[in-house]
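Fold and contact review
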Amino acid sequence: MHYLLQYKESDSCPFLYNDCWFYIETQKFKHLQESAADSLVKQKLRVIMQCFIESQAEPQLQIDIPLDQVSKIQYKVYNYLHNKGKDAHSPDLFDESQKTVFTELLPYWAGFNKQYEPPKSAGKGKPVTHIHKLLQGRLEKFKSAKLPPLDMTVPDKGHRETFGISAFSFSISEGLQWKFEGIELLSESDSDEDSVDMAKKVTWMLPDLDT
């Protein structure tokens, strides 16, 4: 846009800047027709007319198109807003005027491409957000973290003569540990036969420490 402003006076094209915006806004109007509600599309159409075709500021016509095109646009817009005619909501409402301003803008677009150089910071991308910095910091800590030893030492299982239930347990805070719960076996002289049977069952479930 700044490129067009410098040629506005030198090339006697006072509406060169407006022509570009008119082309952009009429393209948005076409896209809006495909997805938005009819009331919103009509509101967009009124805004385009008030800004470029029927402006409250002088001159009334704020773009470089011939007057015969202005009359056609006004007629089509009236039909569109009042739902009149066979194809009142035609998407080609501004096609002719778009072609006119595009033909005028095309040489300036070619000149802009010849002299344009991307900014030096263009390759760096968008500004880094707080969330991105946080995730980047976590990634760096993960990459720099030391790997745990590959050799694992199993804790001592205790005395072989002790009967009980043994198992390994692991937690982040304590690491790998050997868990042993002793069981007091009942004597054979116990008069309660059920208790003796239960003790035998428990003894049978104990792990074989010799294996």
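Residues numbered from 1 in each chain as written. Predicted model: local features only at pLDDT ≥ 70, side-chain atom pairs only at ≥ 80, totals over all residues. Heavy atoms only, no water.

1. Let's talk about the overall build of the chain
Each helix and strand counted, the chain has 7 helices and 2 strands in total. The proportion of buried residues among the 211 residues of the chain is 22%. Of all intrachain contacts in the chain linking residues separated by at least 6 positions in sequence, the fraction that spans at least 24 positions is 50%. For the chain, the exposed surface amounts to about 16500 Å²; the carbon and sulfur share of it is 57%. (Helix = DSSP H or I, 4+ residues; strand = E, 2+ residues; numbered from the N terminus. Buried < 20%, exposed > 50% of the residue type's maximum accessible area, 1.4 Å probe, protein only. Contact = heavy atoms within 4.5 Å. Areas by Shrake-Rupley, 256 points an atom, 1.4 Å probe, with all protein chains shown as cover.)

2. Some thoughts on the packing of helix H2 (residues 16-35) against helix H5 (residues 95-115)
Two elements in contact, H2 and H5, have axes whose closest approach is 9 Å; the angle formed by their N-to-C orientations is 135°. In terms of orientation, H2 and H5 fall into the oblique class. Regarding H2 and H5, the two cross each other, and that crossing is left-handed. Here Leu-16, Asp-19, Cys-20, Phe-22, Tyr-23, Thr-26, Gln-27 and Lys-30 of H2 lie close against H5, whose contacting residues are Asp-95, Ser-97, Gln-98, Val-101, Phe-102, Glu-104, Leu-105 and Tyr-108. Tallied by class, residues from the contact of H2 with H5 come to 8 nonpolar, 4 polar and 4 charged. (Axes fitted to C-alpha atoms, helices over the stretch in contact; angles between N-to-C directions. Parallel < 35°, antiparallel > 145°, perpendicular 65-115°, else oblique. Left-handed = near helix turned anticlockwise from the far one by under 90°. Nonpolar A, V, L, I, M, F, W, Y, C, P; charged D, E, K, R; others polar.)

3. Thoughts on the environment of Leu-45
Tracing the sequence through the fold places Leu-45 in helix H3 (residues 38-53). Given the relative accessible area of 0%, Leu-45 is considered buried. Along the sequence, Leu-45 and Tyr-80 sit 35 residues apart, while their C-alpha atoms lie 9.0 Å from each other. Residues contacting Leu-45, with those up to four places away along its chain left out, are Phe-29, Val-77, Tyr-80, Leu-81, Leu-93 and Phe-94.

4. Details of the packing of aromatic side chains
For the structure shown, the criterion picks out 6 aromatic pairs. One aromatic cluster is present, formed by Phe-22, Phe-29, Phe-52, Tyr-80 and Phe-94 through successive ring pairs. (Phe/Tyr/Trp six-rings, centres within 6.5 Å; stacked < 30°, edge-to-face > 60°.)

5. Notes on the pattern of salt bridges
Scanning the entire structure with this criterion turns up 5 salt bridges. Its salt-bridge partner being Asp-95, residue Lys-30 comes within 2.6 Å of it at the nearest N-O pair. Of this pair, Lys-30 sits in helix H2 while Asp-95 sits in helix H5, and the two are 65 residues apart along the sequence. For Asp-38, the salt bridge goes to Lys-42, with nearest N and O atoms at 3.3 Å. Here the residue Asp-38 and the residue Lys-42 both occupy positions in helix H3, the gap between them amounting to 4 residues, near one helical turn. Taking the relative accessible area as the measure of exposure, Asp-38 reaches 35% and is therefore partly exposed. (Salt bridge = Lys/Arg side-chain N within 4 Å of Asp/Glu carboxyl O.)

6. Some points on the packing of helix H4 (residues 67-82) against H5
For the pair H4 and H5, interaxial distance at closest approach is 9 Å and the crossing angle is 145°. Taken as a pair, H4 and H5 cross one another with a handedness that is left-handed. Listed contacts from H5 to Gln-69, Lys-72 and Ile-73 of H4 are Glu-96, Ser-97 and Thr-100. For the contact of H4 with H5, a count of residues per class yields 1 nonpolar, 3 polar and 2 charged.

7. Considerations on a nonpolar patch on the surface
A surface patch of nonpolar side chains, about 330 Å² in accessible area, is lined by Phe-102, Leu-106 and Trp-109. Inspection of the secondary structure puts Trp-109 in helix H5. In this structure Trp-109 comes out as exposed when scored by relative accessible area, which is 52%. (Patch = residues over 30% accessible without salt bridge, like charges linked within 9 Å, V, L, I, M, F, W, Y side chains within 5 Å.)

8. Some thoughts on the confidence of the model for the chain
Averaged over every residue, the pLDDT of the chain is 75; the share at 70 or more is 66%. Within the chain, helix H7 (residues 193-205) has the poorest average pLDDT of any element, 42, and H3 the best, 93. A low-confidence stretch, residues 194-209 stays under pLDDT 50, and its non-local contacts, those more than four residues away or across chains, total 18 contacts. (pLDDT = per-residue confidence, 0-100.)

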